[in-house]
Amino acid sequence: RFYQPIFADDRCTQTPQPPECQRQEPTSPIRPLPTLGFATRLKREGVPSRLTFGVGLWNTFGGQLEYKDDPLIPGTIRETRNAVIEIVPGVAYEVNDVLSVGVAFRLGVGLFDSLSEQRPSNADLSATGLGAAGTIGVMLKPSDKLQLGFVYRTPLTVTTKGDGTLLVA
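A few points on the structure. (Residues numbered from 1 in each chain as written. Predicted model: local features only at pLDDT ≥ 70, side-chain atom pairs only at ≥ 80, totals over all residues. Heavy atoms only, no water.)

### Looking at the overall build of the chain
Of regular secondary structure, the chain possesses zero helices and seven strands. Reading the secondary structure of the chain in the N-to-C direction produces β-β-β-β-β-β-β. On C-alpha atoms alone, the chain measures out to a radius of gyration of 24 Å, which is more than a quarter above the 15 Å that the 2.2 N^0.38 rule sets for 169 residues. Taking the principal axes of the C-alpha coordinates as reference, the chain spans close to 75 × 35 × 25 Å. Sorting the 169 residues of the chain into buried and exposed places 22% on the buried side. (Helix = DSSP H or I, 4+ residues; strand = E, 2+ residues; numbered from the N terminus. Rg over C-alpha atoms; globule rule 2.2 N^0.38 Å. Buried < 20%, exposed > 50% of the residue type's maximum accessible area, 1.4 Å probe, protein only.)

Written out as structure tokens, the structure reads:
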């Protein structure tokens, strides 16, 4: 990722470009967020149940970036975070040896933060929010060597609310 400022006038088309037009790239290394999951099939008197329960936790998209403080570039982005973390509990049922069905509830937690100076204005913004969606799946196993899975996921919309300070000169 990078940040390339765009202004209404043509100042960034000059050669050499003025400092405020310089491209800014993050200095932080890529730090993947964990993906965790657990599923279990209950047993009764040693016989596996046809019912399976599971839960998962993962980062649907986004991440966090930090930028170096460059005294030669007036204004800078210090850090940004834009991510959605999903918590997904689900249940599946094996109807017979050929057909299994499952459903899951998707809870999305949205995180947004931005700290910038003069890009295009001084701003310290922060927001969080929740969203919900669902998933349904069907697994067909017509033979021992062939399994077909079909999944439908409803859109997950996370609405965030927060506050911030914006200084426009």
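Moving on from the model shown.
### Points about a nonpolar patch on the surface
Residues Tyr93, Val95, Val101, Val138, Leu146, Leu148 and Phe150 make up a contiguous nonpolar surface patch of about 550 Å² in total accessible area. Per element, the largest residue contribution to the nonpolar patch is three residues, and it comes from strand 6 (residues 146-153). Summarising the element assignment, Leu146 is placed in strand 6. (Patch = residues over 30% accessible without salt bridge, like charges linked within 9 Å, V, L, I, M, F, W, Y side chains within 5 Å. Areas by Shrake-Rupley, 256 points an atom, 1.4 Å probe, with all protein chains shown as cover. Salt bridge = Lys/Arg side-chain N within 4 Å of Asp/Glu carboxyl O.)

### A short note on the side chain of Ser116
Along the chain, Ser116 turns up in strand 4 (residues 99-117). Given a relative accessible area of 7%, Ser116 falls into the buried group.

### Focus on the pattern of salt bridges
For the structure shown, the criterion picks out three salt bridges. Arg81 is the partner of Asp113 in a salt bridge, and the nearest nitrogen-oxygen pair spans 2.3 Å. With Asp113 in strand 4 and Arg81 in strand 3 (residues 76-94), this residue pair connects regions lying 32 residues apart in the sequence. Looking at Asp113, the relative accessible area reads 19%, which means it is buried.

### Regarding the environment of Leu140
With respect to the element layout, Leu140 can be found in strand 5 (residues 122-143). For Leu140, a relative accessible area of 30% translates into the label partly exposed. If near-sequence neighbours (up to four positions away) are discounted, Leu140 is found in contact with Val98, Leu99, Leu146, Gln147, Leu148 and Phe150. (Contact = heavy atoms within 4.5 Å.)

### A few points about unusual backbone geometry
The phi torsion of most residues other than glycine is negative, and most of the peptide bonds are trans. Thr15 connects to Pro16 through a cis peptide bond whose omega is -5 degrees. Checked against the element boundaries, Pro16 lands in the segment before strand 1 (36-44).

### Considerations on the pairing of strand 3
Judged from the 15 bridges that link them, strand 2 (residues 47-66) and strand 3 form a sheet pairing that is antiparallel. Residue pairing across strands places Leu57 opposite Ile87, the latter belonging to strand 3. Summarising the sheet, strand 3 and strand 4 pair through 16 bridges and their orientation is antiparallel. When the bridges of strand 4 are listed, Ile77 appears paired with Ser116. Hairpin connection of strand 3 to strand 4: four residues between the antiparallel strands. (Pairing = 2+ DSSP bridges.)

Any functional reading would require information beyond the geometric quantities listed.
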